[in-house]
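What follows is each chain in one-letter form.
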Amino acid sequence: MSKTPIITKSPIIARSGPALRRTLDPFRRARQTIALVPTMGALHAGHLELVRQARRRARRVVVSIFVNPLQFAATEDLGTYPRDLDGDLALADGCGVAHVFAPTVAEMYPEPLLTTVSVADITARFEGASRPEHFAGVATVVAKLFAIAGPCRAYFGEKDFQQLAMVRRMVADLSMPVEVVGCPIVRDHDGLALSSRNVYLSEAQRAAAPVLHRSLLAAAELAAGEADVHVVRGALADGVAAEREAVLDYADLVDAATLQPATSVVPGTQRLLVAARFGTTRLLDNLAV
Ligand code: AMP
């Protein structure tokens with residue numbers, strides 16, 4: 001009979017897939033539930049909320065920290081994306097993370113990479129239209145993380161709502177042994193959704209950025225009493241466009257499961273999505289209707 005390993009205080013760091021699997025195997029044999037929280041690091045309170053939710057239902061929480069080159073276009077911020085492994089490890093330690101998986105790019109993507117995963121339809125619009133390669137990059141890395149971690153509960157933020165919908169669909173379509181759990185958006189005091197990219201904002205852009213949340217709240221209020229989807233969509237778009245620092249990318253009301261644009265307001269089943277540029281920084285937000 002296998003013994004349950006002693007629980008160490010600081011996270012056990014694995015740098016390769018086989019190393020993570022080896023450290024998880026005894027816990028799995030001991031029937032401990034494993035929870036996976038995939039991140040790109042630069043951890044903030046939004047990530048830590050995923051960890052908190054994960055710890056409620058699993059003894060062993062694995063946080064993966066990997067800035068995934070596959071999901072960045074050549075013109076995007078892969079080179080400058082904030083990285084702070086030491087800071088991340090300290091935060092992970094402080095909130096009871098048992099394992100950190102921090103692989104190298106070479107470890108994750110042996111050259112040449114011939115197999116990728118893409119999810120049709122749900123990824124066609126919104127982020128997928130603005131960032132054509134993005135979701136195949138995300139789906140591929142998440143599929144790899146699931147394969148490495150093995151059967152688990154995986155925690156994703158509603159902050160990246162389209163990504164969450166895509167991951168749910170990938171898991172269903174490919175019969176992956178993973179239970180996907182979505183967690184609410186963690187916001188700053190003024191409503192701005194926390195994001196690792198918020199550090200890029202100038203003072204003026206940071207002051208302007210809560211317009212996304214404010215406009216979402218106003219549009220959701222309209223939706224509660226307004227049947228015309230064009231009015232709701234227009235209110236969201238106009239709210240953001242009124243802010244000088246913001247350049248609207250998209251604003252829409254969609255079905256929360258399929259991400260198809262709504263043709264009428266059906267409260268309880270829909271989501272308002274918005275994205276805008278503040279200088280060179282693109283911010284996303286969304287709200288349930
Ligand atoms: P990232 O490191 O930006 O790839 O995010 C890793 C995970 O954290 C994703 O599932 C995100 O949706 C989630 N996340 C990021 N920011 C927030 C936030 N403010 N609230 C909730 N979840 C978040």
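Each value, and the rule that gives it
- Residues numbered from 1 in each chain as written.
- Predicted model: local features only at pLDDT ≥ 70, side-chain atom pairs only at ≥ 80, totals over all residues.
- Heavy atoms only, no water.
- Pairing = 2+ DSSP bridges.
- Helix = DSSP H or I, 4+ residues; strand = E, 2+ residues; numbered from the N terminus.
- Axes fitted to C-alpha atoms, helices over the stretch in contact; angles between N-to-C directions.
- Contact = heavy atoms within 4.5 Å.
- pLDDT = per-residue confidence, 0-100.
- Domains from an automatic or database assignment.
- Buried area = accessible area lost by both parts, 1.4 Å probe.
- Disulfide = S-S within 2.5 Å.
- Buried < 20%, exposed > 50% of the residue type's maximum accessible area, 1.4 Å probe, protein only.
- Near = heavy atom within 4 Å.
- Polar contact = N/O pair within 3.5 Å; in protein donor to acceptor, adjacent residues only side chain to side chain.
- Areas by Shrake-Rupley, 256 points an atom, 1.4 Å probe, with all protein chains shown as cover.

With that settled, consider the sheet that holds strand β4 (residues 99-101). Taken together, six strands build an open sheet; the order of strands is β1-β4-β3-β2-β5-β6 and the sheet is parallel. This sheet does not close on itself; its edge strands, each paired only once, are β1 (12-14) and β6 (178-183). Within this sheet the neighbouring strands show an average axis-to-axis angle of 25°, counted without direction. Judged from the six bridges that link them, strand β5 (residues 152-157) and β6 form a sheet pairing that is parallel. When the sheet's bridge partners are listed, R153 is paired in β6 with E179. Sheet strands touched by helix α7 (residues 161-173): β5 and β6. Its angle to β6, the strand with the most contacts, is close to 165°.

Confidence along the protein averages 95 in pLDDT terms, with 97% of residues attaining 70 or more. Within the model, the stretch residues 1-8 combines pLDDT values under 50 with seven contacts to residues more than four positions away or in other chains.

Within the secondary structure layout, M40 lies in the loop between β2 (34-39) and α2 (45-57). Once residues lying within four places of it in the same chain are set aside, the contact partners of M40 are I65, F66, V67, N68, Q71, F72 and Y81.

It is worth spelling out the domain arrangement of the protein at this point. In terms of domain boundaries, the protein breaks down into domain 1 (12-183) and domain 2 (196-288). Distance between the C-alpha centres of domain 1 and domain 2: 26 Å. Counting residues at the interface gives 22 residues for domain 1, matched by 20 residues for domain 2. Both faces considered, domain 1 and domain 2 share a buried interface measuring about 1700 Å² in area, 51% of it formed by carbon and sulfur atoms. Of all residues in domain 1, the largest losses of buried area upon contact with domain 2 belong to F126, E127 and F161, amounting jointly to 37% of the total for that side.

On to the state of the cysteines, then. For the coordinates displayed, the defined rule picks out zero disulfides. The thiol of C95 is unpaired, and the distance to the nearest cysteine sulfur, on C183, comes to 13 Å. The buried category is assigned to C183, whose relative accessible area is 1%.

Here we take up the site of the ligand. With respect to spatial proximity, 17 residues lie near the ligand, and among them H47, G157, D160, V186 and L194 are the closest. Here an oxygen atom of the ligand sits 2.9 Å away from a polar atom, N or O, in the main chain of G157. In this structure, a nitrogen atom belonging to the ligand sits 2.8 Å away from a main-chain N or O atom of L194. Its free accessible area being 480 Å², the ligand has 93% of it covered by the protein chains. Counting only elements with at least two residues in the shell around the ligand, the list comes to β2, α2 and β5. In terms of residue count, α2 provides more of the shell around the ligand than any other element does, three residues in total.

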